[in-house]
Amino acid sequence: MNLSDARLALRDARRVAVLTGAGISAESGIPTFRDAQTGHWARFKPEDLASPDAYYRYPALVWEWYAGRYRDVMAATPNAGHELLARLEREKGDGYFLATQNVDGLHARAGSERLVELHGNLTTARCEVCAHIDALPAPADFVPPPVCSRCGGRMRPNIVWFSEFLPEQALEAASDAFTAADVALIIGTSGVVYPAAGLAFETLERGGTVIEINPDETDLTPRLSFSLRETASRGLAALMDG
Ligand code: OAD
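Residues numbered from 1 in each chain as written. Predicted model: local features only at pLDDT ≥ 70, side-chain atom pairs only at ≥ 80, totals over all residues. Heavy atoms only, no water.

1. Considering the sheet that holds strand 5 (residues 133–135)
To keep it simple, the criterion reads: Two strands qualify as a pair provided DSSP detects at least 2 bridges between them. We count a stretch as a helix when DSSP gives it H or I for four or more residues in a row; a strand needs E for two or more, and each element gets its number in order from the N terminus. Note on geometry: axes are C-alpha line fits, over the in-contact stretch for helices, and angles between N-to-C directions span 0 to 180 degrees. Contacts are assigned to residue pairs that have any heavy atoms within 4.5 Å of one another.
Ordered by their spatial adjacency, three strands build an open sheet running 5-4-6, and the pairing between neighbours is antiparallel. Two strands close off the open sheet at either side, each with one partner strand: strand 5 and strand 6 (155–159). Taking each pair of neighbouring strands and ignoring which way they run, the sheet shows an average axis angle of 45 degrees. In the sheet, strand 4 (residues 120–127) pairs with strand 6 via four bridges, with the strands oriented antiparallel. Following the sheet pairing, Cys127 is matched in strand 6 by Met155. The sheet contacts of helix 5 (residues 59–75) involve strand 4 and strand 6, and relative to strand 4 the element is tilted by about 135 degrees.

Written as structure tokens, this is what we have:
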């Protein structure tokens, strides 16, 4: 498959499923998950902070890390990649579905609605006692840890951590959409974290086309229909507008 085949496949597809990872937010200035961390956080690997075990042992440290990421995300804005996907949703209507591994909330801020956030959202917190979810206060007013507005319990980041299960309904909806998709787009993800990375295979197994947009080769590349070696915004523009 070449670029013009991929463009035609996307144009003609009635059902389109999209999976995004940290790479789509790179152009908004948010470091990807596997980029080296900087400053004070350089001595930690994200995998060591994004875990129930880390939170159990060092809740203040884990909250401090998320509070910093929350500040960065709120200071950022969606980029052309997020906006092109919101436009693709308007074009495809009911036939469109977006699953993101990102917790930054930028897809929703760009206007995506047919969206599931498979790994949660760092702009919200979940009560450890009653599971109620609250939005975090504005970054300038936020002193972690947040306290539940319903029961007063301590709240944790509303993130799916390593070793935790993905929300069942969100995963099922994503799996249904990728199984039914004529075309799936896999954008800005290293494709190493399952089950999200396996969604591409559900489309391929049913005879659908899977197009990757990523400046670098990934573990998924050899198995996909076509790969565009571009940033998310340039790759989407090439596919949608040529
Ligand atoms: P990674 O940091 O693993 O991968 C980011 C990918 O984005 C890499 O393949 C880069 O080549 C690519 N990339 C970089 N800049 C890009 C750009 N401008 N446009 C497009 N792609 C670009 O992030 P994820 O694959 O999202 O899970 O990581 C998956 C999950 O691993 C995360 O959601 C997180 C982590 O475990 C949890 O926190 C549960």
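2. Focus: the side chain of Ser112
Note the following rule: Burial classes: relative accessible area under 20% of the type maximum marks a residue as buried, over 50% as exposed, and values in between as partly exposed (1.4 Å probe, protein chains only).
Inspection of the secondary structure assignment puts Ser112 in the loop between helix 7 (106–109) and strand 3 (115–117). Residue class for Ser112 comes out buried when judged on its relative accessible area of 6%. Setting aside chain neighbours within four positions, we find Ser112 in contact with Leu85, Ala86, Glu89, Leu98 and His107.

3. Re the domain arrangement of the protein
Test applied: Where each domain starts and ends follows an automatic or database-derived domain assignment. As a working definition, buried area equals the accessible area (1.4 Å probe) given up by two parts on being put together, with both sides summed.
The assigned domain composition of the protein is domain 1 (3–30 + 78–119 + 165–241) and domain 2 (31–75 + 125–159). A separation of 26 Å is found between the C-alpha centroids of domain 1 and domain 2. The interface is formed by twelve residues belonging to domain 1 together with nine residues belonging to domain 2. The contact between domain 1 and domain 2 buries some 780 Å² in all, and 64% of this surface belongs to carbon and sulfur atoms. For domain 1, the biggest contributors to the area lost against domain 2 are Ile30, Val103 and Arg109; these three give 49% of the whole.

4. Details of the side chain of Ser28
With respect to the helices and strands, the residue Ser28 is situated in the loop between helix 2 (23–26) and helix 3 (46–49). With near-sequence residues (within four places) excluded, Ser28 lies in contact with Ala76, Thr77, Pro78, Asn79, His82 and Leu106.

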